[in-house]
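Commentary on secondary and tertiary structure
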Amino acid sequence: MKFIASILKTTAIRGLLTTALVGVLSVGAVRADTLRVMQGTALKTVDPIVTTSGDTQIHGYLIYDKLFEFDSHGTARPQLADKVDLNSDKKTYTITLRKGLKFSDGTPITTDDVIPSVKRWESRDVVGGLLGARTKEMVKVDDLTFRIQLNEPFDVPSALASIVGNIPFIMPKRVASLPSTVQLTDTTGSGPYQFDYSNWNPGQTAVYTKNPFYISRNDTPSFYWGKKEATFDKIEISAVPDANTAMAAMLTDKEDIWLTPSLDNALALRKDPKLVVSNGYFVQSFIMLNHAVPPFNNPKASLALTYLIDQKEIMQITVGDPQFWHTCYAYLTCEGTYGDESAYSGHRGAMDYEKAKELFKEAGYDGKPIVILDETDWPSAHATALYLGQQLRKIGVQVDLQSMDWATLSTRRTSKAPASEGGWSLYSNYVEVGNGGNPLTHLAMAANCDKAWFGWPCDEKIEQLRAAFANSVDESEKKKITFELQARASAYVPFVMTGEYGIPSVYGADLEGFNPETSFSYFLEYPPKDPVGGSLLLLRRQVWSGMLSTGCFPSFPWREW
């Protein structure tokens, strides 16, 4: 983390949205034409607007591209766009596409595709929602040009370069015109790779091949922006939930990268000289509450849950080695720019069962089972689910622990039905400390009811403070706003914090330049350049591992969200 911090200082990246440090990966000639990546969960949803699940984001970055991307200085630069013009009052953007762009089916990319793509993203994403709320109109000028007119100044290129939550990928009009609640099945894309949906079943290995129609920029790569060249013939991303099988695959050189292994498995592989084990990246762990249905539609029930949790105890159970975790009571993370534990007025430390029981009674708990979604293929989340069930039963609450894999859970959590009718009450999740350090990019912090993240917190005061933060350009004022926001969150409890911990990764020692101290790996190939200004040794093939989080977002004089 210190290494990351030093890079961020040299590139003057700080503040709002969290982004990634770019790593470059070279592989030997034996398997240079195929990169094999292994993770614990399988791709089941291919629509990056329907879900924010990490496996779907990896998939999205492989087959789609965006209008703008961030460079290593934190500036949003045209990617599929060729240029952008801004009028003097900073309320009208005219954006022109590069000529000759095509989708993976060979059809041209035009503004008829771009406008519905942006609108579909706006309808679902937190940052997109901010842009949509400030947009007076978005209109086509011609096939390569469109105009966004705003009601107030807003940094449109940075919004369209967003790399958190739902990502503003460009899709064909026939796909982008679908409601954001309908999962797409057409995976025609605008990016360097293509995906054959017709020959894939959810849960299978996801195989990506080069998009023959993709036209890359020729600019020297810088962070997310610039040349993206698919030099691997094929990328295979497999789900291997069984830890013993995954370990064997790494030990026998059958896989190149193992994303998010358990800590115990990662430590067990440290003795092998062919492998590199990284301490990984830090996340804020939390329990998501379903505020749309009883009992957690009453804040007293949410508050009661905090009295059943001792962060030290739950971290020891779910993570183990204290070198990899710490307690934290800052809603905007202890490592974030705006995180402040002193704003938290809720329960800390050892459990208070009597207080929890009292609050559940005041919330009107009627004795019906609380449904806990148990992610059995995610060890720390599985341990958290078991812990929650145990703690609730101690105060006489009925518990229905429902086991499933993460891919199933990521679909199940979209339901707002009562728990007794296929809905849910609680599940465990996390947010990368970079994303979680800002009230606009912490997905679980949004409290705009039906438009909020899964769990649908609904609190007018939180939303007023998030809006005030978005409109502020003064850093001292932002600090005051975020302190008040975290104080309000400790009373409303949009989610229950359980601590912060590191997520390791394992990869072959022959892979050079891979940066594991970031999250949500995705792989786009191009001849690399060290974003800090140095050079890297290249072998036959290179892959860029871009990832969401563990860094910060640039702050500009008027580019404040």
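Everything that follows concerns the structure shown earlier in this document.
This text gives an overview of the structure that appears in the document. (Residues numbered from 1 in each chain as written. Predicted model: local features only at pLDDT ≥ 70, side-chain atom pairs only at ≥ 80, totals over all residues. Heavy atoms only, no water.)

**Notes on the overall build of the protein**
Helix and strand counts for the protein stand at 16 helices and 20 strands. Counting across all 561 residues of the protein, residues that qualify as buried make up 61%. Within the structure as shown, the protein displays about 20,400 Å² of accessible surface, and the carbon and sulfur contribution to it stands at 51%. (Helix = DSSP H or I, 4+ residues; strand = E, 2+ residues; numbered from the N terminus. Buried < 20%, exposed > 50% of the residue type's maximum accessible area, 1.4 Å probe, protein only. Areas by Shrake-Rupley, 256 points an atom, 1.4 Å probe, with all protein chains shown as cover.)

**Quick notes on the side chain of threonine 306**
Tracing the backbone shows threonine 306 in helix α9 (residues 299–306). Its relative accessible area of 6% is what places threonine 306 among the buried residues.

**Quick notes on the nonpolar core**
Counting 136 residues, the largest nonpolar core has Leu67, Tyr208, Phe360, Leu392 and Leu426 as the members making the most contacts within it. Each residue touching leucine 392, except ones within four places of it in the same chain, is listed here: Leu305, Leu308, Phe360, Ile370, Ile372, Val397, Val399 and Leu426. In this structure, Met38, Val240, Leu269 and Val506 belong to the second largest nonpolar core, which totals 12 residues. (Core = buried A, V, L, I, M, F, W, Y, C linked by side-chain atoms within 4.5 Å. Contact = heavy atoms within 4.5 Å.)

**Some words on helix α15 (residues 460–471)**
End to end, α15 covers 17 Å across 12 residues, agreeing with the expected 16 Å (1.5 Å per residue, within 8%). Here α15 has its buried residues at Ile462, Leu465, Arg466, Phe469 and Ala470. Down the axis of α15, the buried set is contained in an arc of 145°. They therefore lie on one face. Those residues of α15 hidden inside the fold are in contact with α4 (126–134) and α16 (475–492). (Expected span 1.5 Å × (residues − 1). Arc of directions from axis to C-beta.)

**Considerations on the pairing of strand β15 (residues 370–375)**
Counted residue by residue, β15 has 6 buried out of 6 residues, so it is predominantly covered. Of the two faces of β15, the one holding Ile370, Ile372 and Asp374 and the one holding Val371, Leu373 and Glu375 are both buried throughout. Pairing geometry for β15 and strand β16 (residues 399–404), over 6 bridges, is parallel. Across the sheet, residue isoleucine 372 finds its bridge partner in β16, namely leucine 401. Once you follow β15 into helix α12 (residues 379–394) and on to β16, the crossover reads as right-handed. (Pairing = 2+ DSSP bridges. Right-handed = clockwise from strand over helix to strand, strands pointing away.)

**Details of the packing of aromatic side chains**
Tallied over the entire structure, the rule returns 19 aromatic pairs. Between the aromatic rings of tyrosine 61 and phenylalanine 169, the centroid separation amounts to 5.0 Å while the plane-to-plane angle is 85°, which identifies the pairing as edge-to-face. In this pair, tyrosine 61 sits in helix α2 (residues 54–63) while phenylalanine 169 sits in the loop between α5 (156–160) and α6 (173–176), placing the two residues 108 residues apart along the sequence. Phenylalanine 169 shares its class with tyrosine 61; the two are buried. Between the aromatic rings of tryptophan 453 and phenylalanine 454, the centroid separation amounts to 6.2 Å while the plane-to-plane angle is 45°, which identifies the pairing as tilted. The pair tryptophan 453 / phenylalanine 454 is uniform in exposure class, with both members buried. Site record: aromatic cluster; members linked through ring pairs are Phe286, Tyr329, Tyr331, Tyr344, Trp453, Phe454 and Phe495. It is arginine 77 that lies over the ring of tryptophan 225; its NZ or CZ is 3.8 Å from the centre. (Phe/Tyr/Trp six-rings, centres within 6.5 Å; stacked < 30°, edge-to-face > 60°. Lys NZ or Arg CZ within 6 Å of the ring centre and 35° of its normal.)

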